[in-house]
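Observations on the model geometry
Below are the chains, spelled out letter by letter.
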Amino acid sequence: MIDEQLIKRGISSPAVLKAMDVVPRHLFVSTDQRTMAYVDGPLPIGHGQTISQPYMVALMSQTLNLDAGSRVLEIGTGSGYQAAVLAEMDMEVYSIELIPELAEQATKNLELAGFSKVKVRTGDGYKGWPEEAPFDGIILTAAPEQIPQKLIEQLKSGGTMVLPVGAINQVQTLKKLTKTADGVTKTDLVKVRFVPMVRGKN
Ligand code: SAH
């Protein structure tokens, strides 16, 4: 996985490569998916959701470009795998998942894999996690149609946000947003396909 899927495609951050090497991805998929855990693609995790392709996890982690000790907010915990990779890179990870059953399963997966320090909660990612803001980095693993303003507000000045943006059922664009004292700068990276970021009911 590391050589063929990541290094050959340009992932070069030693911290990302080490974390992807160490985190047991098979512990974040159901037992019937285990033999598929390290293949080059996303996998179903139930409730119509997926664990992202290893390359996408690595690319987004590398794009965040944060030092150890940084505080990161993830929207879309899913299986907990992306959160575990960031935690393995010694980041302080806060992760929000809309579907309670997935948040519960992710918490179990993280404990079993030795990442019980990751903080997971059920909630609507559009609201962010104001009690713990501001964050050095914010990563979205579900695609909103527009960049959520509340999340920009919860990013530190100098902080980075990485997210897919696009209309439902359309190809999306992975974007990097950097917040500075003068405003935000945005860069388009690659075309991607993530599950949509759903609006919570309250
Ligand atoms: N990062 C995950 C991949 C998650 S797929 C992993 O490593 O496995 C995207 C997740 O975003 C899904 O679990 C979906 O339920 C969740 N999601 C969708 N809309 C959301 C919202 N508004 N707030 C929080 N999570 C949301």
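Above this note sits the structure.
This section reports on the structure supplied with the text. (Residues numbered from 1 in each chain as written. Predicted model: local features only at pLDDT ≥ 70, side-chain atom pairs only at ≥ 80, totals over all residues. Heavy atoms only, no water.)

For the rest of this paragraph, the subject is the environment of Leu 73. As for its placement among the helices and strands, Leu 73 is situated in strand β3 (residues 71-75). Note on Leu 73: relative accessible area 0%, which makes it buried. Separated by 77 residues in sequence, Leu 73 and Lys 150 have C-alpha atoms that sit 13 Å apart. Not counting the four nearest positions on each side in its chain, Leu 73 is found in contact with Tyr 94, Ile 96, Gly 128, Trp 129, Phe 135, Gly 137, Ile 138, Ile 139, Leu 151 and Gln 154. (Helix = DSSP H or I, 4+ residues; strand = E, 2+ residues; numbered from the N terminus. Buried < 20%, exposed > 50% of the residue type's maximum accessible area, 1.4 Å probe, protein only. Contact = heavy atoms within 4.5 Å.)

Time to look at the pairing of strand β1 (residues 43-46). With 3 bridges connecting them, β1 and strand β2 (residues 49-51) associate as antiparallel partners. Bridging from a neighbouring strand, Pro 44 pairs with Thr 50 of β2. (Pairing = 2+ DSSP bridges.)

Around the ligand, the surrounding shell holds 28 residues, and the nearest of these are Glu 74, Ser 79, Glu 97, Gly 125 and Val 198. Between Glu 97 and the ligand, the recorded distance is 2.6 Å, taken from a side-chain N or O atom to an oxygen atom. Gly 125 places a polar main-chain atom, nitrogen or oxygen, 2.8 Å from a nitrogen atom of the ligand. The set of elements that each furnish at least two residues to the shell around the ligand consists of β2, β3, α4 (81-88) and β4 (92-97). (Near = heavy atom within 4 Å. Polar contact = N/O pair within 3.5 Å; in protein donor to acceptor, adjacent residues only side chain to side chain.)

Such coordinate-based values are descriptive only and should not be taken to indicate function.
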